[in-house]
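A closer look at the structure
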Amino acid sequence: AKTRVQGPDLTKAADKASPRVTIINHPDVRRSLMVQKSYAEAMRALVLYTASIQDEIVIKQASGEDAAKLAELEALNDLLLPIVKGYGSEKSWTLLGTESLQTFGGSGFTQDWPLEQYVRDAKIDTLYEGTTAIQGLDFFFRKIVKDGGKAIRKIAKEIGAVAASGGANGEIKAQLGTALNEVNTAIGALVGIAMASQEDPKEIYKVGLNTTRLLMAAGEVIIAWLLIRQAEIASTKLANAGKDSDFFQGKIASAKFFARSVLPHISVERKVVESETGEIMEIAESAF
C-alpha cells in the first residue's frame, strides 16, 4: 500500500494530468488498512489478556491461597477461551480474505505473495477444536448460563468502569458503554428465551440461532475495551514520545476508528436477537 502507485488523489480525480499516488492515499485503502490494524492489535491484546489470566491462575495454584479468587480467575479464563478461539479465528479468516488479500489486488490471489496461503491456512482455525458454532453454544450455555453469569458480570463491570471514566478519550468510552449495554441486553433476552424453553422446548431454537451472534458481539466489546485501554496509555505517553509519537498516535487512532465504525453495529445485532422468531426451523429441508 505504501509503494504501489495507482491512480490520482481523489481530490484531483477529474484532472487527467494530476500525478499518480501510492494507494495508501486512497480513502478506501486507508480504511481497509485501519480495519486490519485495529483488529490485529485488538486480537493480539485479547490473547495476551487471556494469557495474563492464566498466569494468575498458575500463581494462585502454586501459592495454595485464596481459593475463591482462584475459582473466579478460572471462570474468567473459561469465559474468554471461546472468544479467543471462535471470535479470533473467524475475524482472522475474514479479514485476511476480505481486507489483507484485497490490499494486493489481483496479485494477492496468486502464489507470488504469501497472502493466499495465509487465507487458506487461517480457515482451519474456525474448524479445529470445535467449530465456531460450537464455541457459540459453549459460550452461552456453559460459560454464561451454567456459570450463573458470574464471569460475564465480572468482566462487564471492568469494562463498564472504563466506559464511565471519561477523560481524554471520553467520547469513545461512551460508545463502549453503549455497546456494552446492548450486549448485556442481548444476553438477558437469550436467557429469558432459554428459561421459556422449559415450558416450550422449541423456544430453545431461538437461542441456538443467535449464540454465535452473541459470541461475536461480546468479542467486539471486549477487544474495543482493550483498544481503549491501549489508547489511554498512549495518551499519557504522547507529551514525551519523541520518535515513538506516530506509534502512540496510531494506538489512539485504532481505538477511535474501532469505536466509531464497528461498535454501532452491535445495536443491530441486539435488535436481531430480540426479534428472533425461530421460523426458519419450520422450513422444510427440501426448501434448502
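Residues numbered from 1 in each chain as written. Predicted model: local features only at pLDDT ≥ 70, side-chain atom pairs only at ≥ 80, totals over all residues. Heavy atoms only, no water.

1. Quick look at the packing of helix α2 (residues 67-103) against helix α3 (residues 115-123)
What counts here: Orientation is described by lines fitted to C-alpha atoms, with helices fitted over the stretch in contact, and by angles between N-to-C directions that extend from 0 to 180 degrees. Secondary structure elements follow DSSP: runs of H or I no shorter than four residues count as helices, runs of E no shorter than two count as strands, and numbering proceeds from the N terminus. In this scheme, roughly parallel covers angles under 35 degrees and roughly antiparallel covers those over 145, while 65 to 115 is roughly perpendicular and the rest are oblique. Left-handed describes a crossing whose near helix is turned anticlockwise from the far helix by less than a right angle; the clockwise case is right-handed. It only takes one pair of heavy atoms within 4.5 Å for two residues to be counted as in contact. By the convention adopted, Pro, Cys, Tyr, Trp, Phe, Met, Ile, Leu, Val and Ala count as nonpolar, Lys, Arg, Asp and Glu as charged, and the other residues, Gly among them, as polar.
Where α2 meets α3, the closest approach of the two axes is 8 Å, and the angle between their N-to-C directions is 160°. One element, α2, and the other, α3, form an angle in the roughly antiparallel class. Handedness of the crossing formed by α2 with α3: left-handed. Along the contact surface, α2 presents Trp 93, Leu 96, Gly 97, Ser 100 and Leu 101, while α3 presents Leu 115, Glu 116, Tyr 118, Val 119, Ala 122 and Lys 123. Taken together, the residues that form the contact of α2 with α3 break down as seven nonpolar, two polar and two charged.

2. Topic: the layout of surface pockets
We apply this condition: Cavity: a set of points on a 1 Å grid over the protein atoms alone where a 1.4 Å probe fits but cannot get out. Pocket: an open set with protein on both sides within 12 Å along at least five of seven lines, its lining residues, like those of a cavity, having an atom within 4 Å of a point. Grid points are joined across faces, edges and corners, and a volume is the space filled by probe spheres set on the points.
Here the largest pocket is characterised by a volume of approximately 260 Å³. Lining the largest pocket, in full, are Ala 1, Lys 2, Ile 24, Arg 30, Leu 33, Met 34, Lys 37, Thr 103 and Phe 104. In terms of residue count, the dominant contributor to the lining of the largest pocket is helix α1 (residues 27-63) (four residues). Residues belonging to the lining of the largest pocket are distributed by class as follows: five nonpolar, one polar and three charged.

3. Observations regarding the confidence of the model for the chain
Low pLDDT means the predicted coordinates in that region are not meant to be read closely. For clarity, the threshold we go by: Values of pLDDT, ranging from 0 to 100, describe the predictor's confidence in every residue of the model.
Mean pLDDT over the chain works out to 95, with 100% of the residues at or above the 70 mark. Put simply, α3 is where the chain has its lowest mean pLDDT, 91, and helix α7 (residues 204-208) is where it has its highest, 98.

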